[in-house]
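# Structural description and commentary
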Amino acid sequence: MNRRALNILLAVLFAVPILMGATWGSKDAKYPSKTIEAVVPFAPGGSVDVSMRILTAVVEKDLGQKMLIVNKAGGGATEGQSYVARAKPDGYTLLAITSSVVTNTITKKVDYSVDSFDPIMQYCFDPEILFVTATSPYKTLDDFMAAAKKEAIMNATSGHSTSHHVAGIILERLTGIKLTYVHTKGGKEPITMVAGGHVVSSFGSYGVTKSLIDQGKIRVLGVMSEKRDPRFPEVPTFKEKGIDILYGPWRGVAAPKGTPPDVMERLSQAFKKALATEEVKTKFDNADIPIAILDGKDFAKIIKKDYENQKSILADLAAKGPAAAR
């Protein structure tokens, strides 16, 4: 071997471990090392978008990297959910996951399932409330339930197969009450129908009913939460009346399935710390977004339980269609 060939060989031998060391180092690089996409599968301005912008503004300070909100609205949240499900599981693409992931996987043809995501944490649970017009003869939840067992009560919903419709069906199945549904186009329509006395009752969330509650135009009879809601502590839970129902839209953050455990832990801690700050608490309170924290493991159980509970109900509704609904 001549001198030139020997020099080339030695150069290669020295270069290989250096290059391999660089490769190994990239795998062990501290997370995060670049911008993180936080995908909101809804249009800007809604409660999910607002809550994620509040959270990520604080979380990115902890992580030391920018968190970019990306709104991918379309298909009732399916576009954004599908995008994250197909993303590389490296912690740089996150999903603002909501209960719509359950209804979408049951009622629509999508290329993902509830198991396509690794939940990082739940940060909000907004329980369903049952409300009637302020002039209703039903002063309490007991009054309403007793009457609805004798004859069907008119109940407005925000649309066929929506969470407010499903809340009524679950209650019917658990208790034997009878409700006759009047499906609307959503928004505040069912609330104004109740306030105007056009129907007797409706299910909804506190945020969209707050103004009419404050004006004394509607009365809240019950809340589908584990404990009484501090926003209206005088209202009993269904559970304390012996009706085992916990239901309402939840919101959280998730990553694509297979995201490394150390990355999941880093994100979980950052979001948990953000939710404990006065900045986030105040802004959530001003936006009527109730904080309800669950870690990834417990959040995964909630998602799975929600899926199992709704599967038969939504499948029946999808098979019958809006025309067959009461």
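As the structure is a prediction and not an experimental result, all values here were calculated from the model.

## Structural notes on the sheet that holds strand 2 (residues 67–71)
The mixed open sheet is built from 6 strands, whose spatial order is 2-1-3-10-4-11. Two strands in the sheet have a free side with no partner beyond their single neighbour: strand 2 and strand 11 (291–295). With strand direction ignored, the average angle separating the axes of adjacent strands in the sheet is 25°. Packed onto the sheet, helix 4 (residues 100–107) meets strand 3 (93–98), strand 4 (117–125) and strand 10 (250–256) and runs at close to 85° relative to strand 3.

## Considering the sheet that holds strand 7 (residues 179–183)
Spatially, the 5 strands line up as an open sheet ordered 7-6-8-5-9, and their pairing is mixed. If you trace the sheet from one side to the other, it starts and ends with strand 7 and strand 9 (218–223), each paired once. Taken pair by pair, the neighbouring strands of this sheet meet at an average axis angle of 30°, ignoring direction. Inspection of the sheet shows strand 6 (residues 153–157) paired to strand 7 by 5 bridges, in the parallel sense.

## Focus on helix 4
Of all 8 residues that make up helix 4, 6 are buried, and the element is covered over most of its length. For helix 4, the set of buried residues is Ser100, Val101, Val102, Asn104, Thr105 and Ile106.

## As for unusual backbone geometry
A negative phi angle is the norm for most residues apart from glycine, just as the trans form is the norm for most peptide bonds. Cis geometry marks the peptide bond from tyrosine 31 to proline 32; its omega dihedral reads -5°. The backbone phi angle of aspartate 288 is positive, close to 55°, even though this residue is not glycine.

## Notes on the pairing of strand 4
Burial analysis of strand 4 places 8 of its 9 residues in the buried class, the great majority of the element. Pairing geometry for strand 4 and strand 10, over 7 bridges, is antiparallel. Bridge pairing in strand 10 places glutamine 122 opposite glycine 252. Where strand 4 lies against strand 11, 3 bridges are found, and the strand directions are antiparallel. Paired with methionine 121 across the two strands is aspartate 295, which belongs to strand 11.

## Notes on the packing of helix 2 (residues 47–63) against helix 10 (residues 278–286)
The N-to-C vectors of helix 2 and helix 10 enclose an angle of 175°; their axes lie 10 Å apart at closest approach. Considered as vectors, helix 2 and helix 10 are oriented roughly antiparallel to each other. Counting all contacts with helix 2, which are made through Ser51, Ile54, Leu55, Val58 and Lys61, the residues of helix 10 involved are Glu279, Val280, Lys283 and Phe284. Residue composition of the contact of helix 2 with helix 10, grouped by class: 5 nonpolar, 1 polar and 3 charged.

## Here's the deal with the environment of alanine 270
The topology assignment puts alanine 270 in helix 9 (residues 261–275). On the accessibility criterion, alanine 270 (1% relative accessible area) is buried. Setting aside anything within four residues of it in sequence, one finds alanine 270 in contact with Val59, Asp62 and Leu63.

## Quick notes on the pattern of salt bridges
Following the criterion strictly, the structure yields 13 salt bridges and no others. For aspartate 115, the salt bridge goes to lysine 304, with nearest N and O atoms at 3.2 Å. Here aspartate 115, found in the loop between helix 4 and strand 4, pairs with lysine 304, found in helix 11 (residues 296–320); they are 189 residues apart in sequence, far enough to count as distant. Residue aspartate 115 is classed as partly exposed on the basis of its relative accessible area of 43%. The salt bridge involving lysine 241 is made with aspartate 142; its shortest N-O contact spans 3.2 Å. Of the two residues, lysine 241 is situated in the loop between strand 9 and strand 10 and aspartate 142 in helix 5 (residues 141–150); the sequence distance between them amounts to 99 residues. Note on aspartate 142: relative accessible area 43%, which makes it partly exposed. Through salt bridges with shared partners, a single ionic network connects Asp62, Arg266 and Lys273.

## Here's the deal with the side chain of threonine 237
By the secondary structure assignment, threonine 237 is in the loop between strand 9 and strand 10. Classification of threonine 237 by relative accessible area gives buried; the value is 2%. Of note is the side chain of threonine 237, whose polar atom sits 3.0 Å from the backbone nitrogen of glutamate 240. In contact with threonine 237, other than residues within four places in its own chain, are Leu141, Val223, Ser225, Glu226, Lys227 and Arg228.

## Concerning the packing of aromatic side chains
This model, assessed by the stated rule, comprises 6 aromatic pairs. A centroid spacing of 5.9 Å and a plane angle of 85° characterise the contact between tyrosine 138 and phenylalanine 144, whose relative ring orientation is edge-to-face. Using a relative accessible area of 18% as the deciding quantity, one classes tyrosine 138 as buried. Over the ring of tyrosine 83 we find lysine 72, and its NZ or CZ is 4.4 Å from the ring centre.

## A look at the packing of helix 2 against helix 9
Closest axis-to-axis distance for the helix 2/helix 9 pair is 9 Å, and the angle between their directions is 125°. When the axes of helix 2 and helix 9 are compared, the pair comes out oblique. Once helix 2 is placed against helix 9, the crossing between them reads as right-handed. Contacts between helix 2 and helix 9 pair Leu55, Val58, Val59, Asp62 and Leu63 from the former with Arg266, Leu267, Ala270, Phe271, Lys273, Ala274 and Leu275 from the latter.

Procedures and definitions
Residues numbered from 1 in each chain as written. Predicted model: local features only at pLDDT ≥ 70, side-chain atom pairs only at ≥ 80, totals over all residues. Heavy atoms only, no water. Pairing = 2+ DSSP bridges. Helix = DSSP H or I, 4+ residues; strand = E, 2+ residues; numbered from the N terminus. Axes fitted to C-alpha atoms, helices over the stretch in contact; angles between N-to-C directions. Contact = heavy atoms within 4.5 Å. Buried < 20%, exposed > 50% of the residue type's maximum accessible area, 1.4 Å probe, protein only. Parallel < 35°, antiparallel > 145°, perpendicular 65-115°, else oblique. Nonpolar A, V, L, I, M, F, W, Y, C, P; charged D, E, K, R; others polar. Salt bridge = Lys/Arg side-chain N within 4 Å of Asp/Glu carboxyl O. Polar contact = N/O pair within 3.5 Å; in protein donor to acceptor, adjacent residues only side chain to side chain. Phe/Tyr/Trp six-rings, centres within 6.5 Å; stacked < 30°, edge-to-face > 60°. Lys NZ or Arg CZ within 6 Å of the ring centre and 35° of its normal. Left-handed = near helix turned anticlockwise from the far one by under 90°.

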